[in-house]
Amino acid sequence: EEEKADIDRLSKNANTFYKAVSLTNRLNAAPNDYGTGEMSSMAEAHMMIDICGNPGITVGELAEMTQRTPSAISQVVSKLECKGCVYKERGEENYRLYHIYPTEKGRRLAVAHEKYDIEQMTASQKMMLTRFTQEEIDLFYRILDFYNGMIGLELQELRTKNSGKNRCEKDN
């Protein structure tokens, strides 16, 4: 009976967590005007913040810093380049590497999104304080930070374990 209750609790928690991740992913991809008059996804805006903080960064460095694949980073950088938010320059020592730099338009997006983030976090904090103490909220963020580290390690292990495997290969 106690084991069934534990399984039910874990199942409910897993569903709650999955829903939070799913909603966050949808929010991350949804176009929004962060105060520049143009539509950008949260992924693009946060990438701009990273690029502005590290002018000349490469796709590989961004991938490592954000724990995303180089392919995913390249897609976002291409969108930002099309929007005129970044430009690329070939590396002097390695012509295959491109260094990514923000344009003035990209800097405006980064600043606007940072302001948006602060406004949204302030509103979220106020809403959470109607139901939780500051100590509980701080604990939530400490747990989330720890969990992010766990997920990062799991992703690294999966990449290492699955590198070189052909996902399209048929079983014989």
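Up top is the structure these notes are about.
Just so it is clear, the structure is predicted and the values come from calculations on it, not from any experiment.

Some words on unusual backbone geometry
When glycine is set aside, most residues are seen to have a negative phi, and most peptide bonds are trans.
Reasoning step 1: In this structure, Gln67 takes a positive phi of about 55° despite not being glycine.
Reasoning step 2: Tracing the backbone shows Gln67 in the loop between α3 (59–66) and α4 (70–82).

A word on the layout of surface pockets
Reasoning step 1: There is about 2700 Å³ of room inside the largest pocket.
Reasoning step 2: Taken together, 50 residues form the lining of the largest pocket, with Ala20, Val21, Thr24, Leu144 and Asn148 sitting closest to its centre.
Reasoning step 3: For the lining of the largest pocket, the secondary structure elements donating two or more residues are α1 (2–29), α2 (42–53), α3, α4, α5 (104–129) and α6 (134–162).
Reasoning step 4: Classifying every residue of the lining of the largest pocket by side-chain character gives 28 nonpolar, 14 polar and eight charged.

Remarks on a nonpolar patch on the surface
Reasoning step 1: Together, Met121, Phe140, Tyr141 and Leu144 line one region of the surface with nonpolar side chains, adding up to about 350 Å² of accessible area.
Reasoning step 2: Tracing the sequence through the fold places Met121 in helix α5.
Reasoning step 3: Judged by its relative accessible area of 44%, Met121 is partly exposed.

Some details on the packing of α3 against α4
Reasoning step 1: Viewed as axis vectors pointing N to C, α3 and α4 meet at an angle of 115°, and their least axial separation amounts to 9 Å. Judged by the inter-axis angle, α3 sits roughly perpendicular to α4. The hand of the α3/α4 crossing is right-handed. Where α3 abuts α4, its residues Val59, Leu62, Ala63 and Thr66 lie against Pro70, Ile73, Ser74 and Val77.
Reasoning step 2: Along the lines of polarity and charge, the residues of the contact of α3 with α4 split into six nonpolar, two polar and no charged.

Basis of the calculations
Residues numbered from 1 in each chain as written. Predicted model: local features only at pLDDT ≥ 70, side-chain atom pairs only at ≥ 80, totals over all residues. Heavy atoms only, no water. Helix = DSSP H or I, 4+ residues; strand = E, 2+ residues; numbered from the N terminus. 1 Å grid on protein atoms, 1.4 Å probe; cavity = no way out; pocket = protein on both sides within 12 Å on 5 of 7 lines; lining within 4 Å. Points joined across faces, edges and corners; volume = space filled by probe spheres on them. Nonpolar A, V, L, I, M, F, W, Y, C, P; charged D, E, K, R; others polar. Patch = residues over 30% accessible without salt bridge, like charges linked within 9 Å, V, L, I, M, F, W, Y side chains within 5 Å. Areas by Shrake-Rupley, 256 points an atom, 1.4 Å probe, with all protein chains shown as cover. Salt bridge = Lys/Arg side-chain N within 4 Å of Asp/Glu carboxyl O. Buried < 20%, exposed > 50% of the residue type's maximum accessible area, 1.4 Å probe, protein only. Axes fitted to C-alpha atoms, helices over the stretch in contact; angles between N-to-C directions. Parallel < 35°, antiparallel > 145°, perpendicular 65-115°, else oblique. Left-handed = near helix turned anticlockwise from the far one by under 90°. Contact = heavy atoms within 4.5 Å.

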